[in-house]
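# Observations on chain architecture
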Amino acid sequence: MNSEAAKYPQDILIPPKGNGALPPITRYNAQNVRREYFTYVTSFDALARGDTASNIIALRPDGDFWLTSINAQMCRTTGEPVNADLLCQITDIRTGYNFYRPHVSVRAIGTPTNQLIAARAQDIIEPYCFLRGGSIRVTVWAPNRFAAFTIGSTYFVLNGWLEYQNAAY
Amino acid sequence: MNEFERRLIDAMQQDSWIKQVARKDKKIVDVDYFVYTATLTALAVGNSAQTNIQVQADSDFALAYMSGQMVVGGAVSFLPSTVQITDTGSGKTFFSAPALFNLVMGNAGLPFYLPAPRVIAPNTNIQLNVTNVAMGGATDYWFAFLGARIYYAN
């Protein structure tokens, strides 16, 4: 345990949900001297009916990542944005915590229509902390009711901030 | 600096947003709204291009919003392009990998609101790398980085 006492209640690091089986965290937010905008990005290519795919985003070792919103966009193979019935799950691999039960439609987490509206952000009600050095798994799958065309690309951005223990100033 | 300005600066330094971006060891003497902009034109499908924005030497730039628009053949485009932004001073990128333009640059005149500000040090560059991955045509890109210039006493 660091000897520096927490001055305010919010100085105590909020452990990620589902953290019960892991060692206690003995670090204080007060030691994180700088927060800075950052976005983790992942994408999938060529998804058709029945496909499943999974990407793991390795998190930077230098800063905890506080997730505040998620955006996603699907595109046809010709490039136009499309609103297909793709499902997804987002998992904090370190804790095993799943964001959705059992899953969510990508349409529901901020998908553009194929008209003028681009992505809408799904705000996280309470910022979720992924500890430094951890990883995020994004899984997508196309159910049998999925449209009979192939999605060219599906892009996810996970927006938030990095909190560093040490900063240049 | 008159008395009003001095009191305004004092009050401003208690603002929670300014506290996130202010240098701890320096005294703020002024904060001004400012927008850095950049343009890339006629980027062909499958090609990449790079441009740099020089950040002024006299102030930190605290970035709050990003905004951008793509135009193909005179019409606003929503075809996919990817963008990566690098603060050349720290060498750090804004995204873990190139991100889809539409997802991080706002839309329909509404800027993308950064969940937390990002401070760019004086005399550095904001480097933009854009790739046109669409099946459309040559694309023009407009970028605007909105925020505040923060001036400190020497």
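Counting its secondary structure elements, chain B contains three helices and 10 strands. Overall, chain B shows an N-to-C arrangement of helices and strands of α-α-β-β-β-β-β-β-β-α-β-β-β. Across its three principal axes, chain B shows a C-alpha extent of roughly 55 × 30 × 25 Å. Out of the 154 residues belonging to chain B, those deemed buried represent 48%. Taking all contacts inside chain B whose residues are at least 6 apart in sequence as the whole, residues at least 24 apart take part in 77%.

Quick look at the overall build of chain A now. On a plain count of helices and strands, chain A comes out with zero helices and 10 strands. For chain A, the succession of helices and strands along the chain, N to C, is β-β-β-β-β-β-β-β-β-β. Buried residues in chain A amount to 51% of all 169 residues. The contacts in chain A between residues at least 6 apart in sequence include a share of 80% that link residues at least 24 apart. Carbon and sulfur atoms make up 52% of the accessible area of chain A, which totals about 7,900 Å².

Now for the pattern of salt bridges. Residues and elements named next belong to chain A. Summed over all chains, the structure comprises 11 salt bridges over all chains. In this structure, the salt-bridge partner of Arg35 is Glu163, at a minimum N-O distance of 3.0 Å. Of this pair, Arg35 sits in strand 1 (residues 34–47) while Glu163 sits in strand 10 (residues 151–164), and the two are 128 residues apart along the sequence. For Glu163, a relative accessible area of 5% translates into the label buried.

Turning next to the pairing of strand 3 (residues 63–76) of chain A. All names here are of chain A. With 13 of its 14 residues buried, strand 3 lies for the most part within the structure. Here strand 3 runs beside strand 10; their pairing, made up of 13 bridges, is antiparallel. For Ala72, the partnering residue across the bridge sits in strand 10 and is Phe156. With two bridges joining them, strand 3 and strand 4 (residues 81–82) adopt antiparallel strand pairing. Note that in strand 4 the partner of Met74 across the bridge is Val82.

Glancing now at the side chain of Asn71 of chain A. Within the element layout of this structure, Asn71 of chain A appears in strand 3. Only 3.3 Å separates the side chain of Asn71 of chain A from the backbone oxygen of Leu103 of chain B, close enough to count as a polar contact.

Residues and elements named next belong to chain A. When pLDDT is averaged across chain A, the result is 74; 66% of the residues are at 70 or more. At the level of individual helices and strands, chain A shows its lowest average pLDDT in strand 8 (residues 122–130), which scores 75, and its highest in strand 2 (residues 52–58), which scores 95. Residue range residues 18–26 is modelled with pLDDT below 50. Its contacts to residues more than four positions away, or to other chains, number 13 contacts.

Let us now look at the interface of chain A and chain B. Counting from both sides, the interface comprises 31 residues of chain A and, opposite them, 32 residues of chain B. Where chain A meets chain B, there are two salt bridges. Between Lys92 of chain B and Glu36 of chain A there is a salt bridge, with its nearest N and O atoms 3.1 Å apart. On inspection of chain A and its partner chain B, the count reaches seven residue pairs in polar contact (both at pLDDT 80 or more). Among the elements of the structure, strand 1, strand 3 and strand 10 of chain A are those that each provide at least two residues to the side of chain A that touches chain B. Here the residues of the side of chain A that touches chain B are counted per class, giving 16 nonpolar, 10 polar and five charged.

Criteria and cut-off values
Residues numbered from 1 in each chain as written. Chains lettered and ligands numbered in written order. Predicted model: local features only at pLDDT ≥ 70, side-chain atom pairs only at ≥ 80, totals over all residues. Heavy atoms only, no water. Helix = DSSP H or I, 4+ residues; strand = E, 2+ residues; numbered from the N terminus. Buried < 20%, exposed > 50% of the residue type's maximum accessible area, 1.4 Å probe, protein only. Contact = heavy atoms within 4.5 Å. Areas by Shrake-Rupley, 256 points an atom, 1.4 Å probe, with all protein chains shown as cover. Salt bridge = Lys/Arg side-chain N within 4 Å of Asp/Glu carboxyl O. Pairing = 2+ DSSP bridges. Polar contact = N/O pair within 3.5 Å; in protein donor to acceptor, adjacent residues only side chain to side chain. pLDDT = per-residue confidence, 0-100. Nonpolar A, V, L, I, M, F, W, Y, C, P; charged D, E, K, R; others polar.

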